[in-house]
Amino acid sequence: MEEKNPMLNISASPHIRSKNSTTRIMLDVIIALLPASAMGIYNFGFRAFMMILVCVVSCMIFEYLSELIMKRPITVRDLSAVVTGLLLALNVPVDLPYWMAVLGSAFAIIVVKQIFGGIGQNFMNPALAARCFLVMSFVGPMTRFTYDAVTTATPLAVMNESGVGSVGIWKMFLGVEAGTIGETSAAALLIGALYLVMGGVIKVTIPFFYMGSFAVMIAIYGLTQDMGAWEVTRFTAAHLCGGGLVLGACFMATDYTTSPITNKGKMIYGVLLGLLTFCFRIFGSSAEGVSYAIIIGNLLVPIIEMITHPKSFGEGYDKKPMSENKGWLKPVVLDEEGNPLPVPKKIRKESPIRIVVSIVLIALISGALLGGVYAVTKEPIEETAEKKKQESYRQVMKDATDYKESEDLEAQNKYLEEQGFSGVTLNVSVTAMKDGNPIGRIWVITTHEGYAGDIKMAVGIRDGKVTGVEMLSIGETSGLGMEARDNPDFTAQYQDKQVEDFHVVKTEPANDTEIQAITGATITSKAVTNAVNAALAADRMDEQSAPVELKNEGGGDDE
């Protein structure tokens, strides 16, 4: 028997081989992320290094354990888990509790990656999916940013609140600003991206069309806002340098598994991401939007590839009329009587029908799961909300021992509308009781004029004076508008002052009617102040209609 030639290798086509391996590609990505990681550690200190270490080690452990349990080949050595952990760490705030980072790592590896078959099978970028999971689960810790030991907002949030002149473009480019660990330095990220492009790991197509289309739309929007040429330039540059756009465009949107293969598909994908990011940033409540844009883009990749995939040689030949087939006849299948049978049409795997059905099924299953979770958690959530509300009542009216609620506020809301208080709604009127006697009122009121949406608060009023203001629901920008809840010095400005109306100033208050605005959050300050003024107006109306009830603690006759 002849000895086999060791130089021969039998395999299926295609017979093109690349020297790149998964391990080599992942190593290149790690090297490319080192400048951004180093800048993050320089910016935020040793805790940034620990966060990177925790995420990387957690991802490696979860990958090893999940593959062991699922009886799959162990792939920890291919470094893909290291890349996922590193990207996740660069996408979270430095002060995020470590256990949340571990939970995010578990979600990325187990839920997004391994359950769907491991590397190459995930339907969205695991690190970004984990980031969005953490944002939805832990809004406060994921949107609270610290720089130089001071809780502050990201440059984009500051710019949206106070204008483009309030941020330093050069600082944003270098990265000496607040943000997540790895998104702040556009310069460090671009150095890493250049390394990947020169090494042939990624092509410039997706980043170019992503950032290019986004820049064009931002510039057009700036022109519609009556900005000058210089302001539009600064506005566009700030958006390009901030919010993790470079990190997302160069390191996550280019993920092999979750991005299109064809060049035309990459162009469409990039423009789509630019459009989505623009919409989220300008018209959404978040100042960033990159993560959600890329995840939505990941979900649409199968449709993009279906539209842009090249035709195979000879594809569509049998669909041409016979006159175009140069005399060649199509094969015909006859039945027993000699009549031609219709050729069955198969639904291709990538057909729109199959994709739509799959998406609908996923949506139905997800909706059912979410409905089940809501049913289980509804009662505990309501109990927690009730306890929080009662605690808020005690905070704004400390002398009270009992509270009687009334939701019949149609007359009061109509009165406020007549008085010019737009954008506010009275929700509940609470009579504060002590030893069975009324001592004041608490107004639960919602202002719809907050920077990020509705702000719901409780305002205590006694004898025409505000006894306290407590935020019940607020989702303003961390480090800026959230100071209305987190900084007691702001709400203390309203207390124990006998005034009819407060108004907001940016300097030190000169009298009792002036409320000093939160730095960089004038919109939030004005919204809260307007709501307090509305509560005072409603209280005066009620006192005039029933003056005896609240005149004194004993509830005696009006003197």
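Residues numbered from 1 in each chain as written. Predicted model: local features only at pLDDT ≥ 70, side-chain atom pairs only at ≥ 80, totals over all residues. Heavy atoms only, no water.

Draft legend 1. Structural context of the overall build of the protein. When helices and strands are tallied, the protein shows 19 helices and 9 strands. Put simply, the protein has 559 residues, and 44% of those count as buried. Partitioning the contacts of the protein with sequence separation of at least 6, the portion at a separation of at least 24 is 67%. (Helix = DSSP H or I, 4+ residues; strand = E, 2+ residues; numbered from the N terminus. Buried < 20%, exposed > 50% of the residue type's maximum accessible area, 1.4 Å probe, protein only. Contact = heavy atoms within 4.5 Å.)

Draft legend 2. Structural detail: the pairing of strand β4 (residues 424-434). The buried fraction of β4 is high, at 8 of 11 residues. In this sheet, strand β5 (residues 437-450) lies alongside β4 in antiparallel orientation, the contact comprising 10 bridges. The residue bridging M433 from the neighbouring strand is P438, located in β5. Counting the residues between successive antiparallel strands, the hairpin from β4 to β5 contains 2 residues, one of them, D435, with a positive phi of roughly 55°. (Pairing = 2+ DSSP bridges.)

Draft legend 3. A look at the side chain of Q493. Summarising the element assignment, Q493 is placed in the loop between α18 (488-491) and β8 (503-505). Among the residues examined, Q493 registers a relative accessible area of 15% and is labelled buried. Ignoring sequence-local partners within four residues, the contact set of Q493 consists of F502, P509, I515 and Q516.

Draft legend 4. Structural context of unusual backbone geometry. Not every positive phi belongs to a glycine, and K71 is a case in point at roughly 60°. Looking at where K71 falls in the secondary structure, it is placed in the loop between α2 (46-69) and α3 (80-90). At L79, a position not held by glycine, the phi torsion is positive, near 70°. Residue classification places L79 among the partly exposed positions, given a relative accessible area of 21%.

Draft legend 5. Region of the structure containing the packing of helix α1 (residues 22-44) against α2. As a packed pair, α1 and α2 sit with axes 6 Å apart at the nearest point and diverge in direction by 135°. Our classification of the angle between α1 and α2 gives oblique. Of the residues in α2, those touching α1 at S37, G40, I41 and F44 are F46, A48, F49 and I52. Here the contact of α1 with α2 is built from residues that sort into 6 nonpolar, 2 polar and no charged. (Axes fitted to C-alpha atoms, helices over the stretch in contact; angles between N-to-C directions. Parallel < 35°, antiparallel > 145°, perpendicular 65-115°, else oblique. Nonpolar A, V, L, I, M, F, W, Y, C, P; charged D, E, K, R; others polar.)

Draft legend 6. Quick peek at the environment of G85. Within the secondary structure, G85 is located in helix α3. As for G85 and V102, which are separated by 17 residues in sequence, their C-alpha atoms are 9.6 Å apart. For G85, the residues in contact, after removing those within four places along its chain, are C55, V56 and C59.

None of the figures reported here should be taken as evidence of function without further support.
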